[in-house]
Amino acid sequence: AMWGNKVQKIRLTKSSDGGPIFPSAINNALSSYDELLVFPRSEETFVVNLADVKDETVACKALACKSNVLSLKLCLSGSSPVVVVGVAGGIQIWDPLEGLKVSEITLPPESGAPPPDRLLYAIGFSIVPRADGAYSLIAGSSSGTLHIIEADNFRFVYQEALPAMHSSSIADLSSTHEASLAEALRPPVCLVAAADEAGVVSVWDTAQMAPLAEL
């Protein structure tokens, strides 16, 4: 593990029984914030808290998602870290410190159909500020749709799908207000960019959720 100017080799174990944990050889997704790391393995998401390392070993919480984890990201909702997990048909949101699922959102059918060889699932996440001072979770999907979800600490409510800008699956998205970026370095206007598997990138002003450019 590496954070700040530290590099340390650590052994991961399950907090439930002390057994070893091995990252997935298929899904190599990894997300971090501060001293938290999360990664998936099959139907579980493991939370590594580097503050808990003892004798080069850390006991990890296992979040039982009960569905194959297809994507994930650690975000900051208010002052609270949350793990946003993309599963078939929707999104799960977890409190990584307590190991509790705080919300589950189903993607609406009007979001469009992905290709026949692909499940409908959420991929690419960012929590961003809006003009009214509220925050929204933006989530991409395998159909190419971007979804807006109201985010208020551990309260998440689906709002709407944005106008279509992508015809291929979203590959990832990122904003100028990522949790990992120091608040003092964030620009006053928040922009979010979404990239799809066809190479199209859309850029949005999150204050009004208005498209600014397509590249």
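Below is a summary of the structure that appears in this document. (Residues numbered from 1 in each chain as written. Predicted model: local features only at pLDDT ≥ 70, side-chain atom pairs only at ≥ 80, totals over all residues. Heavy atoms only, no water.)

## Quick word on the overall build of the protein
Moving on, step 1. A count of helical and extended segments in the protein gives zero helices and 19 strands.
Moving on, step 2. For the protein, buried positions account for 44% of its 215 residues.
Moving on, step 3. By sequence separation, contacts in the protein at least 24 residues apart represent 46% of the contacts at least 6 residues apart.
Moving on, step 4. Accessible area of the protein: about 10900 Å², with a carbon and sulfur share of 52%. (Helix = DSSP H or I, 4+ residues; strand = E, 2+ residues; numbered from the N terminus. Buried < 20%, exposed > 50% of the residue type's maximum accessible area, 1.4 Å probe, protein only. Contact = heavy atoms within 4.5 Å. Areas by Shrake-Rupley, 256 points an atom, 1.4 Å probe, with all protein chains shown as cover.)

## Considerations on the environment of Met165
Moving on, step 1. By the element assignment, Met165 lies in the loop between strand 15 (155-161) and strand 16 (170-175).
Moving on, step 2. Setting aside residues no more than four positions away along its own chain, Met165 makes contact with Val200, Ser202, Trp204, Pro211, Ala213 and Glu214.

## Structural notes on the sheet that holds strand 9 (residues 80-87)
Moving on, step 1. Within the open sheet, the four strands sit side by side as 8-9-10-11. Their pairing is antiparallel. The sheet is open, and its two edges are formed by strand 8 (71-77) and strand 11 (100-106), each paired on a single side. Averaged over all pairs of adjacent strands, the angle between strand axes in this sheet comes to 25°, irrespective of strand direction.
Moving on, step 2. Judged from the five bridges that link them, strand 9 and strand 10 (residues 90-95) form a sheet pairing that is antiparallel. By the bridge assignment for strand 10, Gly86 is matched with Ile91. (Pairing = 2+ DSSP bridges. Axes fitted to C-alpha atoms, helices over the stretch in contact; angles between N-to-C directions.)

## So, the side chain of Thr206
Moving on, step 1. With respect to the helices and strands, the residue Thr206 is situated in the loop between strand 18 (201-205) and strand 19 (210-214).
Moving on, step 2. Take Thr206: its relative accessible area is 0%, and that puts it in the buried class.
Moving on, step 3. Leave out the neighbours within four places in its chain, and Thr206 touches Val128, Pro129, Arg130, Ile138, Cys190, Leu191 and Val192.

## A closer look at the side chain of Ser103
Moving on, step 1. Looking at the secondary structure, you find Ser103 in strand 11.
Moving on, step 2. Accessibility expressed as a relative area gives 12% for Ser103, which makes it buried.
Moving on, step 3. In this structure, Ser103 is in contact with Ile91, Gln92, Ile93 and Phe156, ignoring residues within four places of it in sequence.

Treat this as a map of the structure, not an account of what it does.
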